Amino acid sequence: MRQARPRPKTFRSPLLFAASCASALGAAAIVQAAPSTPSPIAPAECRAHVGYNLNAELPGYLIASSDGARRCVPFTATTAKPPAGYRGDYYVDEFTDAKMRAAWAVCKADTACDARLEPHITGRAPPNKDHRTTDPHGLYLLGRVNPDGTGDLTSIRRPAFFGAAPWREPIAQADADTFVVEFTTDRDPYERLTLHLDTPVKLRGWYMRGQGVDDGAGRKVRSLIIMSAGGGGRIVAIEDPTNQLYHMDPKTGRSVLNKLPSAVSGVTGQRAWRRFMYILNQAGFDVLSYDRRGVGLSSGVDDTDTVQQARDVLRVITELKTGDGVRVATPTGQVLEGRAATRAVMTGVDAGRLPVLLMGSSRGTMTSGFAMARNFDKTCEYDMPTVACGPPVGLKNLVGVMQLSDYTAGPGYITYPTDEEDDDRILFEGGTEVQNHIAFFPSSAILASVPKWPALFIGRGLWDFAESLEGAVVAYDRATGLKELVVVRAPHPIETWPEAEQQRVLGRMIAFATAATLGQKTAPGARSWTDSKSLAATTPDLWEPSSEPGKR
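I will try to describe carefully the structure that is included in this document. From a predicted model like this one, the values you see are computed outputs, not experimental measurements.

Conventions used here
- Residue indices follow the written sequence of each chain, beginning from 1 at its first position.
- Whole-chain, interface and lining totals are the exception, using all residues; otherwise, since this is a predicted model, local features are given only for residues with pLDDT of at least 70 and side-chain atom pairs are given and counted only at 80 or more.
- Side-chain numbers here rest on the full set of heavy atoms in the structure, without hydrogens or water.
- Nonpolar core, defined: a set of buried Ala, Val, Leu, Ile, Met, Phe, Trp, Tyr and Cys residues in which side-chain atoms within 4.5 Å join the residues together.
- Between buried and exposed lies partly exposed: a residue is buried under 20% and exposed over 50% of the maximum accessible area for its type, with that area taken using a 1.4 Å probe on protein chains only.
- For the purposes of this entry, the term helix denotes a DSSP run of H or I that reaches at least four residues, the term strand denotes a run of E that reaches at least two, and both are numbered from the N terminus.
- We call two strands paired when DSSP finds no fewer than two bridges between them.
- Working convention: axes come from line fits to C-alpha atoms, limited for helices to the stretch in contact. Angles between N-to-C directions cover 0 to 180 degrees.
- Throughout this description, any angle smaller than 35 degrees is read as roughly parallel, any larger than 145 degrees as roughly antiparallel, any in the 65 to 115 degree range as roughly perpendicular, and the remainder as oblique.
- Crossing chirality is assigned from the near helix's rotation relative to the far helix, an anticlockwise turn below a right angle marking it left-handed and a clockwise turn marking it right-handed.
- Note on contacts: a residue pair qualifies if any of its non-hydrogen atoms lie within 4.5 Å across the two residues.
- What counts as a ring pair is set by centres within 6.5 Å for rings of Phe, Tyr and Trp (its six-membered ring), and what kind of pair is set by the plane angle: stacked under 30 degrees, edge-to-face over 60, tilted for all other angles.
- Any Lys or Arg side-chain nitrogen located within 4 Å of an Asp or Glu carboxyl oxygen qualifies as a salt bridge.
- Any pair of cysteine sulfurs within 2.5 Å is marked as a disulfide.

### Comments concerning the nonpolar core
Stage number 1. Core analysis: the largest hydrophobic core is formed by 91 residues, its most contacted members being Y207, L288, L358 and L485.
Stage number 2. Tallying contributions element by element places helix α9 (residues 306-322) first for this core, with seven residues.
Stage number 3. Core analysis: the next-biggest nonpolar cluster, separate from the first, contains 49 residues, L153, W206, L297 and A523 among them.

In structure tokens, the structure reads:
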């Protein structure tokens, strides 16, 4: 994750630049009715400093602490505001994919704007570090395997590997229920149109079979959670227990991101991800997590096209039913293909009727958000030279999504302060789509589709840089089915959240996923709130350490 840098005072936000330029160019707007009774956004009452990862002073709410004192609890605010007298659904209509492309075109024609943006676009272009790494030890830490060809699924690390010292991760206890899985999908537009590749892409990871959730009548109901990790996610990467995401500079008092890979860790956050997998599986759910294309165990070159990754998720759900392109290594080491492979995983359950929930974290929420939009609203090919939209995929057994550290609200809810790179999110996205045929950040299309989703859970830090607290509230408000919004006193990465808060969020996810599986309208035990301040007040007096009052 990037370290945030203070923005120059003279920097002009491309949020306003994008909206004004695109409007001038006449880009078509999407009309989506806003909710009739939105949750109020309470005005800030104070200001407080946060450490990782913004190193900045933020607005906050005065909230009673466990000792009775009122303390300022910070949150990220929204940069863009509708112009006076604006009529319409501003955060949807003014931040469409068409308007992002149009804004980039204006930037491209401006020498200074293009000079600022172009290094960002080219610097994020494939290949990523997995393809650039040649050091055998670095590849070992990342869990990288020969990504092309059929490959030996039995040679891939299993959960039991992480039970050894020094890792001793609890997921090792799920080894007997874990299949190593491989799915087959297509090359993405960047690989086809730019690199002229047409061989299939293999997606590999773990499928952990669960015992089912209690339906309240003495029966166990199987359901599946498909987990899409954030930018650093690699399912079998090694992370040493002593690894720390950041350190505090004793001279400046600022948080500084630690460099990876190190001598003992390939990534950061993977221990937390595997712990989430294990706890959800122990709660009864089938859990599937595979490396996105281009990293870790999976083949492919481009790992940043989240529209393609959404296509992959929906295809995986279909392949679990048909067996097409599927291989598995069973817990006993037997390798099976096709329908024999899926029958071994499903053990008598009809995969076409198995309730499926998507779960994303950070970048993974872009993938799962686009997948929900494609399944329930329409299929728009934002990574193609000409954007065309068709009818939704319409999988009937996709019953909801759980978003952690999410991007669901889209670019209208970019926060202030943030760094220049993220402040250029709109222009970067438009340029990346046009120049590289890669769709990374979402437009407002995901937010516009939320009312059609059957269930939405959001868990996030109050001062998450990915989108403002207001954006999360708005996404929650737009949901019309089962929904829940949970916040913690922490920043973006779930690994930085206090351990007790990770457990609290997991508990709510289990309750939510159970309710979605059983078709219930509410998840028992959800905390009630009426506006953004009372939402912040649902958090216990537990802080991410670098931002805790009195600890700096």
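So that's the structure; there's more coming.
### Some remarks on the pairing of strand β15 (residues 356-361)
Stage number 1. For β15, the tally of buried residues reaches six of six residues, placing the bulk of the element in the interior.
Stage number 2. Side chains V356, L358 and G360 project from β15 onto one buried face, and the interleaved L357, M359 and S361 project onto a second face that is buried too.
Stage number 3. As paired elements, strand β9 (residues 224-228) and β15 share five bridges and run parallel to each other. By the bridge assignment, M227 is partnered in β15 with M359.

### Describing the packing of helix α8 (residues 270-282) against helix α16 (residues 499-517)
Stage number 1. One can describe the packing of α8 onto α16 by two numbers: an axis separation of 11 Å at closest approach and a directional angle of 40 degrees. With respect to their mutual orientation, α8 and α16 come out oblique. Both α8 and α16 take part in a crossing whose hand is right-handed. Contacts between α8 and α16 pair A272, R275, F276, I279 and L280 from the former with E499, Q502, Q503, L506, M509 and I510 from the latter.

### Focus on the packing of aromatic side chains
Stage number 1. Per the counting criterion, the structure on display carries 19 aromatic pairs.
Stage number 2. Geometrically, the ring pair formed by Y86 and Y90 is edge-to-face, given 5.2 Å between the ring centres and 80 degrees between the ring planes.
Stage number 3. Judged by its relative accessible area of 5%, Y90 is buried.
Stage number 4. With centroids separated by 6.3 Å and ring planes inclined at 70 degrees, the aromatic side chains of F162 and W206 adopt a geometry described as edge-to-face. Of the two residues, F162 is situated in the loop between α6 (136-142) and β5 (178-185) and W206 in strand β6 (residues 201-208); the sequence distance between them amounts to 44 residues.

### Here's the deal with the packing of α9 against helix α11 (residues 363-376)
Stage number 1. Where α9 contacts α11, the axes come no closer than 8 Å and their chain directions differ by 65 degrees. Crossing of α9 over α11 shows right-handed handedness. Together, T306, V307, Q309, A310, R311, V313 and L314 of α9 and R363, M366, T367, F370, A371, R374 and N375 of α11 make up the contact between the two elements.

### A short note on the pattern of salt bridges
Stage number 1. Summed over all chains, the structure comprises 36 salt bridges.
Stage number 2. Here E501 ties to R504 by a salt bridge, and the two come within 2.8 Å at their closest N and O atoms. Linking E501 with R504, this pair stays in helix α16, spanning three residues, or about one helical turn. Considered together, E501 and R504 belong to a single accessibility category, that of buried residues.

### Section: the state of the cysteines
Stage number 1. A full pass over the atoms with the stated rule returns three disulfides.
Stage number 2. Bridging C46 to C72, the disulfide has an S-S length of 2.1 Å. Measuring the twist about the S-S bond at about 95 degrees, one finds the C46-C72 disulfide to be right-handed. Within this pair, whereas C46 is found in strand β1 (residues 46-50), its partner C72 is found in strand β3 (residues 70-74), the two being separated by 26 residues in sequence.
Stage number 3. You can call C72 buried: its relative accessible area is 14%.
Stage number 4. Linked covalently through their sulfurs, C380 and C389 form a disulfide whose S-S length is 2.0 Å. Disulfide C380 to C389: torsion about the S-S bond roughly 115 degrees, handedness right-handed.

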